[in-house]
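Structural overview for review
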Amino acid sequence: LNIKNEKMNFQHVIHDSMSSLQRKASLKGIKLIPNVKVDKSLLVMINDPIRIRQILQYLVSTMIKILTENSAVILTIMAMGGKNNGKYLHVELKEESPRNRGEFTFEMAQTMNEILTNKESMVSTEGSGLGLHLSNSLCKLIGRRLKFQAKEDEPLSFSFQIRRNNRRQDT
């Protein structure tokens, strides 16, 4: 994987990622809602905008597949607190309500979690899970591991952290 760290504005990456999937979401009756909760100065960073865009587009697209019409995907960006304040941004994609999941099952959720936690990187031969596996690998390069949460009466969510000043190079 090639990582090209450059000065970037994360707000532009969010806008590009969300707007490219807006039509797909609206055809299914799903709203995409950005919720940026950080000072705009924290959104200017050194990282790889192409890789971050790939992660966001894959995760938003996955949420669109899972959810049924009249749903919403909320993209929340927050600064990390404590000793990491300002070093990382926390990114979370979450469904607005757990009632609109369509045919999504908890067996699917278990498979998704296995893909994210499996150190041997097993992906099915049908290709399912490949995008999730690649997104997880990219998350590790630009910040921290991708997490997925699915509980019966709680919203589904993906989350990861982005290093604001990434020093990682090609791997």
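See the structure printed just above.
Reference entry: report on the structure contained in this document. All of these numbers come straight from a predicted model, not from anything done at the bench.

Description of the overall build of the protein
Within the protein, the regular secondary structure consists of 4 helices and 7 strands. Reading the helices (α) and strands (β) of the protein from amino to carboxyl end gives β-α-β-β-α-β-β-α-α-β-β. Within the span of the protein, comprising 171 residues, buried residues form 45% of the whole. A fraction of 74% describes how many contacts in the protein between residues 6 or more apart in sequence connect residues 24 or more apart.

Looking at the sheet that holds strand β4 (residues 71-79)
Spatially, the 5 strands line up as an open sheet ordered β2-β4-β5-β7-β6, and their pairing is mixed. With one partner strand each, in any of the chains shown, β2 (30-36) and β6 (147-149) form the two edges of the open sheet. On average, each strand axis in the sheet is inclined to that of its neighbour by 15°, with strand direction left out of account. Sheet topology note: the β2/β4 ladder contains 7 bridges and is parallel. Counted as the bridge partner of Asn35 is Thr76 from β4.

Looking at unusual backbone geometry
Its identity is not glycine, yet Asn70 carries a phi of approximately 60°, on the positive side. Examined against the element boundaries, Asn70 turns out to sit in the loop between α2 (49-66) and β4.

Details of the environment of His12
Along the chain, the position of His12 falls in helix α1 (residues 10-27). Here the alpha-carbon distance between His12 and Pro49, two residues 37 residues apart in the chain, equals 9.2 Å.

Observations regarding the environment of Ile64
Tracing the backbone shows Ile64 in helix α2. Considering only alpha carbons, one finds Ile64 and Glu95, 31 residues apart in sequence, at a separation of 9.5 Å. Leave out the neighbours within four places in its chain, and Ile64 touches Leu21, Lys24, Ala25, Lys28, Ile30 and Leu32.

Side note on α2
Over its 18 residues, α2 extends 26 Å from the first C-alpha to the last, a length consistent with the 26 Å expected when each residue adds 1.5 Å. Taken together, the buried positions of α2 are Pro49, Arg51, Ile52, Ile55, Leu56, Leu59, Val60, Ser61, Thr62, Met63, Ile64 and Ile66. With a side-chain oxygen positioned 3.0 Å from the backbone nitrogen of Ile50, the residue opening α2 is Asp48.

Focus on the packing of aromatic side chains
On inspection of all chains with the given rule, the structure shows 1 aromatic pair. Judged by centre distance (4.9 Å) and plane angle (40°), the ring pair of Phe148 and Phe158 falls under tilted. Separated by 10 residues along the polypeptide, Phe148 in strand β6 and Phe158 in strand β7 (residues 157-163) bring together distant segments of the chain. Of the two residues, Phe148 and Phe158, neither departs from the other in class, the shared state being buried. Lying across the ring of Tyr88, Arg144 places its NZ or CZ 3.9 Å from the centre.

Scoring rules and cut-offs
Residues numbered from 1 in each chain as written. Predicted model: local features only at pLDDT ≥ 70, side-chain atom pairs only at ≥ 80, totals over all residues. Heavy atoms only, no water. Helix = DSSP H or I, 4+ residues; strand = E, 2+ residues; numbered from the N terminus. Buried < 20%, exposed > 50% of the residue type's maximum accessible area, 1.4 Å probe, protein only. Contact = heavy atoms within 4.5 Å. Pairing = 2+ DSSP bridges. Axes fitted to C-alpha atoms, helices over the stretch in contact; angles between N-to-C directions. Expected span 1.5 Å × (residues − 1). Polar contact = N/O pair within 3.5 Å; in protein donor to acceptor, adjacent residues only side chain to side chain. Phe/Tyr/Trp six-rings, centres within 6.5 Å; stacked < 30°, edge-to-face > 60°. Lys NZ or Arg CZ within 6 Å of the ring centre and 35° of its normal.

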